[in-house]
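Structural description and commentary
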Amino acid sequence: MDQSHAKLADKNFVLFAEGCFGLFTSKIAASLIRYRGDRCVAVIDSRKAGQTVQDVLGYGGAIPIVGRVEQALHLHPEVMVIGKGLHSVELPSGWKPHILAAVEHGLHLINSIHYRLADDPDIARAVRDKGITVWETKDAPTVPLNRARVLDLDTWVIHTCGSDSNIGKKTAALEIWNEANRSGIPTGFAATGQSGMLISGHGIAVDGVAGDFMGGAVEQVVLEAAAGNEWVVVEGQGSLNHIGFSGVALAILHGSLPHALVFCHRLGAERTKVWETPIIPIPELIRMNEELTVFERPAKVAAVSVNSVGFTEEEYRREADKLEAETGLPVVDPVREGGAGRLVDILRAHRRETAGRQPVRQR
């Protein structure tokens, strides 16, 4: 991650989520408000203009939602962040006027979609004329092939995998990262997507990397996050059982070479997003992830982290107990429980229990 770009993430920003602002429909925006809400001055979504972020997400407070960037200028944003990640190589209809308006008013841009803004001649011309910085978060740096250098680290590596995309793998990883550091365990965060990059200031959007080099990109991020730390938490992407996003999930699993896994699931979900394929039983998915860890460092799932948004406390407890019985593992919702204290305790115990069991790399 270019540190000149990282500086953009520390500036006051307006989040662009036109026509899609919501907890699951604009996950980048929702994540930034949860973890970098102090820097967000407004959200742009004309459909929800007049409401607050709290009204829509249930958290975030009185950050206003406006219909156009001009309506947020009095709040002094310096950057506009496109707060939705799209699996599309086209610029969505209706977005271009908003982007041009932001540039015209001197806002730098952080682009979270696969379409490169510089590929649009009008936007490219406006950016050049105004001297605006555009951070294309999907642009991949040059990285080597995965060489399993993570195995040489003394750092203990945790990876959040899961049953689908957009279910809480990043949130679980961030909550573990925050709580581990708070409790005195120096811990690095290895971001593998643009939200994690913007929140932590480090990482790479691995889904923008050529297939052969995904593992090497993850390896590099883990090595950087490990410096001076006892633990590293690696943000997961996609899922092994998702026909659209299985490749990136496997690349992260093999690039990070974790000692332990935290399996993530959205309670009540029965089908994967986008392709709508059935989610196979969670115990089978856990075994799949465990079996695909490499023989040099076989890893087990230490706990299940769930997203229980929309469930009452009684419903959550009933479903969590059921999942614990099915998997034989503790089930935790770090957001509902106000943090990852219990997850960190479970991971500490898991590390003690597995110490010495994992094979030593042959040199």
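Check the entry above for the structure.
Rules used in this analysis
- Residues numbered from 1 in each chain as written.
- Predicted model: local features only at pLDDT ≥ 70, side-chain atom pairs only at ≥ 80, totals over all residues.
- Heavy atoms only, no water.
- Core = buried A, V, L, I, M, F, W, Y, C linked by side-chain atoms within 4.5 Å.
- Buried < 20%, exposed > 50% of the residue type's maximum accessible area, 1.4 Å probe, protein only.
- Contact = heavy atoms within 4.5 Å.
- Axes fitted to C-alpha atoms, helices over the stretch in contact; angles between N-to-C directions.
- Helix = DSSP H or I, 4+ residues; strand = E, 2+ residues; numbered from the N terminus.
- Parallel < 35°, antiparallel > 145°, perpendicular 65-115°, else oblique.
- Salt bridge = Lys/Arg side-chain N within 4 Å of Asp/Glu carboxyl O.
- Patch = residues over 30% accessible without salt bridge, like charges linked within 9 Å, V, L, I, M, F, W, Y side chains within 5 Å.
- Areas by Shrake-Rupley, 256 points an atom, 1.4 Å probe, with all protein chains shown as cover.
- Phe/Tyr/Trp six-rings, centres within 6.5 Å; stacked < 30°, edge-to-face > 60°.
- Lys NZ or Arg CZ within 6 Å of the ring centre and 35° of its normal.

**Focus: the nonpolar core**
Leu15, Phe21, Ile33, Val43 and Leu347 are the most contacted members of the largest nonpolar core, which totals 53 residues. Residue contacts for Val43: discarding those within four places in its chain leaves Val14, Leu15, Ala17, Phe21, Ile33, Val53, Ile63, Pro64, Ile65 and Val66. Residues Val41, Ile99, Leu107 and Ile113 belong to the second largest nonpolar core, which totals 25 residues.

**Some details on the packing of helix α4 (residues 96-104) against helix α5 (residues 121-130)**
Where α4 contacts α5, the two axes come as close as 9 Å, and the packing angle between them is 10 degrees. Viewed along their axes, α4 and α5 adopt a mutual orientation that is roughly parallel. Contacts between α4 and α5 involve Lys96, Ile99, Leu100, Val103 and Glu104 from the first element and Asp122, Ile123, Ala126, Val127 and Lys130 from the second.

**Some thoughts on the pattern of salt bridges**
The final tally for this structure, using the stated rule, is 20 salt bridges. A salt bridge links Arg149 to Glu219; its shortest N-O distance comes to 3.2 Å. Of this pair, Arg149 sits in the loop between β6 (134-136) and β7 (156-162) while Glu219 sits in helix α8 (residues 214-226); the two residues are 70 residues apart in sequence, bridging distant segments of the chain. The exposure class assigned to Glu219 is buried, which follows from its relative accessible area of 0%. Salt bridges linked by common partners bring Lys96, Asp120, Asp122 and Arg125 together as one network.

**Quick word on a nonpolar patch on the surface**
There is a patch of nonpolar side chains on the surface, built from Ile243, Val274 and Trp275 and spanning about 340 Å² of accessible area. Tracing the backbone through its elements, the reader meets Val274 in the loop between β10 (260-266) and α10 (282-291).

**A short note on the packing of aromatic side chains**
In the structure shown here, the tally under the stated rule is four aromatic pairs. With a centroid separation of 5.2 Å and 35 degrees between ring planes, the pair formed by Trp177 and Phe189 is classed as tilted. Pair noted here: Trp177 is in helix α6 (residues 169-182) and Phe189 is in strand β8 (residues 187-190), with a separation of twelve residues, a long-range link. Judged by relative accessible area, Phe189 falls into the buried class, the value being 5%. Across from the ring centre of Tyr59, 4.0 Å away, lies the NZ or CZ of Arg34, which sits over that ring. When the ring centre of Phe24 is taken as origin, the NZ or CZ atom of Arg266, which lies over that ring, is 3.8 Å away.

The values are spatial; any link to function lies outside them.
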